[in-house]
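Next come the chains, spelled out residue by residue.
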Amino acid sequence: MTDEAQRLATARKQAGQMRYLSDLLAPMLVAAIGLPLIGDLYLTAFEPAPLAAALGAPAALAIKLLSYAPAIVAAAAVISLRPVFVEFQEGRFVSTKASAAFQVAGLLALAAFLLKVLVAPLLSAFLGGPAFTWRVETFDIAMMTFASFVLMVGGALDAAVAALKSENDQIV
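This report concerns the structure included in the present document. (Residues numbered from 1 in each chain as written. Predicted model: local features only at pLDDT ≥ 70, side-chain atom pairs only at ≥ 80, totals over all residues. Heavy atoms only, no water.)

Each helix and strand in the protein chain was counted, giving six helices and zero strands. In terms of overall size, the protein chain is more extended than a compact globule, its C-alpha atoms giving a radius of gyration of 21 Å where 172 residues would be expected to give roughly 16 Å. Structurally, the protein chain occupies a C-alpha span of about 70 × 30 × 30 Å along its principal axes. Out of the 172 residues belonging to the protein chain, those deemed buried represent 28%. A separation of at least 24 residues holds for 74% of the contacts in the protein chain among residues at least 6 apart in sequence. Accessible area for the protein chain stands at about 10600 Å²; split by element, carbon and sulfur atoms hold 71% of it. For the protein chain, the separation between the mean place of its 11 positive charges and that of its 12 negative charges on side chains is 3 Å. (Helix = DSSP H or I, 4+ residues; strand = E, 2+ residues; numbered from the N terminus. Rg over C-alpha atoms; globule rule 2.2 N^0.38 Å. Buried < 20%, exposed > 50% of the residue type's maximum accessible area, 1.4 Å probe, protein only. Contact = heavy atoms within 4.5 Å. Areas by Shrake-Rupley, 256 points an atom, 1.4 Å probe, with all protein chains shown as cover. Lys, Arg positive; Asp, Glu negative; His and termini not counted. Charge placed at Lys NZ, Arg CZ, Asp CG, Glu CD.)

If you want it as structure tokens, here you go:
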């Protein structure tokens, strides 16, 4: 086996391992977010804390959902990378499907960042929750870096797909 073929086989094997790990961990990620959300919604609806009693159940439930929205969207960003692992495992390292998955994941991560930093706190304050305060934490910077990186890789793959298609069209 040539060095190039060995490297390709190793890359495909690693992509398969990541696909397996992704398939294994995605339900755990959903459960880690969903179960506390269900518990918080139940407690807010049926055993309201003073804030929930003052605001009313609908507003308190909306505020609770808004507080979980960034985590839900960030989880969707991570889960949306699964098609990348499938494509890479099949040996299609430069494909439209992988490019699109990277770009969707990047946009979802960007949406999670904006939800956490701006949208959720503003809407929560509008609904009568805690007053809006502008805070950017280390996690927010990491989420923005992840979003930028994934969008950049998706764009680079998309450009590579277009270049390969153009080259193939010229040959034909």
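So, about helix α1 (residues 3–46). Under the 1.5 Å per step criterion, the end-to-end length of α1 is 64 Å for 44 residues, consistent within 8% with the ideal 64 Å. Of all the bends in α1, the greatest reaches close to 30° and is centred on L25; the proline P27 follows between one and four positions later. When α1 is considered as a whole, its buried residues turn out to be A15, G16, S22, A26, I33, L37 and T44. (Expected span 1.5 Å × (residues − 1). Bend = angle between axes of the 7 residues up to and from the residue.)

Residues L118, V119, L122, L123, F126, L127, F132, W134, V136 and I141 make up a contiguous nonpolar surface patch of roughly 930 Å² in combined accessible area. A total of five residues in the nonpolar patch trace back to one element, the largest contributor, which is helix α5 (residues 96–126). (Patch = residues over 30% accessible without salt bridge, like charges linked within 9 Å, V, L, I, M, F, W, Y side chains within 5 Å. Salt bridge = Lys/Arg side-chain N within 4 Å of Asp/Glu carboxyl O.)

Counted under the stated rule, the structure contains two aromatic pairs. Ring plane angle 45° and centroid distance 5.0 Å describe the contact between Y42 and F46, whose orientation is recorded as tilted. With Y42 and F46 both in helix α1 and four residues apart, this pair spans about one turn of that helix. On the basis of an interplanar angle of 45° and a centroid distance of 5.4 Å, the ring pair of F88 and F93 is categorised as tilted. Judged by relative accessible area, which is 25%, F93 ranks as partly exposed. (Phe/Tyr/Trp six-rings, centres within 6.5 Å; stacked < 30°, edge-to-face > 60°.)

What follows concerns the environment of F149. Note that F149 resides in helix α6 (residues 138–171). For F149, a relative accessible area of 49% corresponds to the partly exposed category. Each C-alpha atom of the pair F149 and Q89 lies 21 Å from the other, and the pair is 60 residues apart in sequence.

This paragraph deals with α6. The terminal C-alpha atoms of α6, which comprises 34 residues, lie 49 Å apart, in line with the 50 Å expected from a rise of 1.5 Å per residue. Buried positions along α6 lie against α3 (57–79) and α5.

A word on the pattern of salt bridges. Tallying each qualifying case throughout the model produces four salt bridges. Salt-bridge contacts for R82 lead to D23; the nearest nitrogen and oxygen are separated by 2.6 Å. Of the two residues, R82 sits in helix α4 (residues 82–89) while D23 sits in helix α1, which places them 59 residues apart along the sequence. Residue R82 is classed as partly exposed on the basis of its relative accessible area of 29%. For K116, the salt bridge is made with E137, and the minimal N-O distance between the two is 3.4 Å. Taken together, the positions of K116 in helix α5 and E137 in the loop between α5 and α6 put the pair 21 residues apart, joining distant regions of the chain. Residue K116 is classed as partly exposed on the basis of its relative accessible area of 28%. E137 gets classed as partly exposed once you look at its relative accessible area, which sits at 34%. Each member of the salt-bridge network shares a partner with another, and the members are K116, E137 and D140.

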